[in-house]
Amino acid sequence: MAFITKRSLLNPRKIYSIRSRLLAFIACILVFLSLTTLYISAYFTQQLRKSTYHNTQNTLALYNAQLSMNLENFEIFLYDINQYTSDLSSINTHSPRTVGYYQHILNLKRLLDYTRPSFKEIDAIFLYAPLSDTYIQSQKDSRHSDITGYLKETLRSLNQARQLDTLNTASWFTHTIEDHTYMIRIVNTNGSFIGSWSELSSLTASFDAISGLNGQVLYLQEDGRPIEKTSWEDTVFDVKQSLDHYKICKNKAGESYLLSSAALDYCDYYLAMLIPLSAIDSNMQPVYSIIMLIAVLLIVFAVFITTTISHFVSAPLRSIEQTALAVHNGNYSSQFLAESTNCLELNQINVSFNKLLTEIEALKLHVYEEKMAKTEFELRSLKTQIAPHFLINCMQGIFSLVERKTENYELIQKMVHVLSNHLRYALSSHSSVSLKEELAYVDNYIELNKMRFPGCLIYKKDIREDVEEITIFPMLVLTLTENSIKHNLIMGESLTISISAFLQKTEDGHFLHIIHIDSGSGFSQDLLESLSSINSAGTIQKNGHHIGLLNICSLFRLIYPKNARISFSNEPDMGARIDIDIPISSDGTDLASLR
């Protein structure tokens, strides 16, 4: 300590404790990880809600378009019903005493019974002939006698008062009887009134799937008030704002719901979808668990490393202090006392003095070893680029399922399990694997994407048995498959991936020939020119696109000898084609011997 005291007097500096610095460092890590965890949780929750809103908006738009088209076709039928039969004009121009009057009624009832099932959104079709005061109706079942009685009474009352022209025959309108609300449409064709009605619950039957989320679908007026009598009947929704952005609203019990809405084309109302935030946020539970697990592991690791460093630094520092003090006092032989210590750094100081001349003699060998180390570093660097690239693509697939509903939970678990196997393989330190093992992980990756894109991926494989045990460098075929799926697989469209491998004998020797073909859009001319540089000694330029392919090319150039080849082309009537020729010996490819 005397040496430190003298140095401090000559050049005073702020004294600090390593232990205090380590404790402060741990505290900073804890705070940082806590804030990061909260931010990630809030961010993913926000993104999930936005995704849910956009999905519901798309669903509402699809429902609106489909229902509007069906109802438009139904209205065309109502206007053109006289073209299908003359019975309607007959009962509207003749009294009930006319011969064949009841036969006309029977014919019309048959026509309505035959036509109604063609329009699944319609609960009932009716017609009213004012002259004969005849009301005919065909409905799905015998329920809803209240709306039938209301229509009969209304039409006959207006007919007696000669006020049928006051009926709303321009558009759909609603009428509520007790707890039931109906959508009604009436048209006037040649003095006869033809119409239909449907209960609102029938029109929204296609949304029954959200019942698993305890969601609700409501018809709203322009002022945002519900048409039906529900638990929300006293709520005024911000319906116009929710057309472009999701809104959060609460029911009487204080539960929060995500609101999305769409203006209906066939009437002057809005359709709103309410999904509980608790059901949406519950989909994030697996992600929250993973984030918390990672945070806990990092904290434990940081504490362990800090404690270990604190324990092993104190003793070596005291030895260095004693040696420095002895040298300061003129005892230069004290440096050899380091031989008695177990500290590696102090032993290295002693060895450095003794081997100084030896190091100079070995300079040429050291330069050569440095060159080899540089090559090894470049190989590892390229591998570390491939692994995160693969991880990001897989995590995006899992997140797309999280955006959906809770029934995907078991599928997410399965995908995470498959992903963990892939990561164990991608991050392994193996420099070579058998072609059979590589293709096993390709099969798993194909399965992973079939879960994400059901019915969209076709996988063909033709591998000869005599090449399965030949070794290649890890993730060679897997990265090619991943690149094909990333740039070509689209939901609703079919993508075919074909992989074949066999032995090929040429004038240059025996080769393992691998062919990888997909049915995507193929390679652009610029990309083909960039990839062709693998056959030259130049450096491949990376512009941020197709990093996986470019890294594979770089690894291929570093690992294999000059007679190994990788070529890129476009397969006629398919997409991208990649041919790989790897030289092999009699006992299979040996990566170490090929360098």
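Our subject is the structure listed above.
This text gives an overview of the structure that appears in the document. (Residues numbered from 1 in each chain as written. Predicted model: local features only at pLDDT ≥ 70, side-chain atom pairs only at ≥ 80, totals over all residues. Heavy atoms only, no water.)

1. A closer look at the overall build of the protein chain
Note the following rule: Elements are defined by DSSP. Helices are runs of H or I of four residues or more, strands are runs of E of two residues or more, and each kind is numbered from the N terminus. When accessible area is computed with a 1.4 Å probe and restricted to protein chains, residues below 20% of their type maximum are described as buried, those above 50% as exposed, and intermediate ones as partly exposed. We call two residues in contact whenever any of their non-hydrogen atoms come within 4.5 Å of each other. Using a 1.4 Å probe, accessible areas were evaluated by the Shrake-Rupley method; residue-level cover was limited to the displayed protein chains.
From N to C terminus, the protein chain includes 18 helices and 16 strands. Residue burial in the protein chain is summarised as follows: out of 595 residues, 43% are buried. Within the protein chain, counting contacts between residues at least 6 apart in sequence, those at least 24 apart form 63% of the total. For the protein chain, the accessible area works out to roughly 33700 Å², and carbon and sulfur atoms hold 55% of it.

2. As for unusual backbone geometry
We note that arginine 162 has phi near 55 degrees; this positive angle belongs to a residue other than glycine. Overall, arginine 162 belongs to the exposed group, its relative accessible area being 76%. A positive phi angle, close to 65 degrees, is found at aspartate 573, a residue other than glycine. Checked against the element boundaries, aspartate 573 lands in the loop between strand 15 (565–570) and strand 16 (576–583).

3. Some remarks on the side chain of glutamate 438
Selection criterion: Definition of a polar contact: a pair of N or O atoms within 3.5 Å, with one able to donate and the other able to accept a hydrogen when the atoms are protein atoms, and with sequence-neighbouring residues admitted only if both atoms are side-chain atoms.
Relative to the helices and strands, glutamate 438 is located in helix 14 (residues 435–452). Here glutamate 438 falls in the buried class, since its relative accessible area comes to 0%. Here the side chain of glutamate 438 touches methionine 475 through a polar contact of 3.0 Å, landing on its backbone nitrogen. If sequence neighbours within four positions are ignored, glutamate 438 has contacts with Tyr425, Val433, Ile472, Pro474, Met475, Leu476, Val477 and Leu478.

4. Regarding the pairing of strand 2 (residues 134–139)
Two faces make up the sheet, and in a regular strand the side chains alternate between them. This is how the line gets drawn: Pairing between two strands requires that DSSP report at least two bridges joining them.
In terms of burial, strand 2 is largely enclosed, as five of its six residues are buried. Bridge count for strand 1 (residues 124–129) against strand 2 is six bridges, and the pairing is antiparallel. Residue pairing in the sheet places isoleucine 125 in a bridge with serine 138 of strand 2. Connecting the antiparallel pair strand 1 and strand 2 is a turn made up of four residues, with aspartate 133 showing a positive phi of about 50 degrees.

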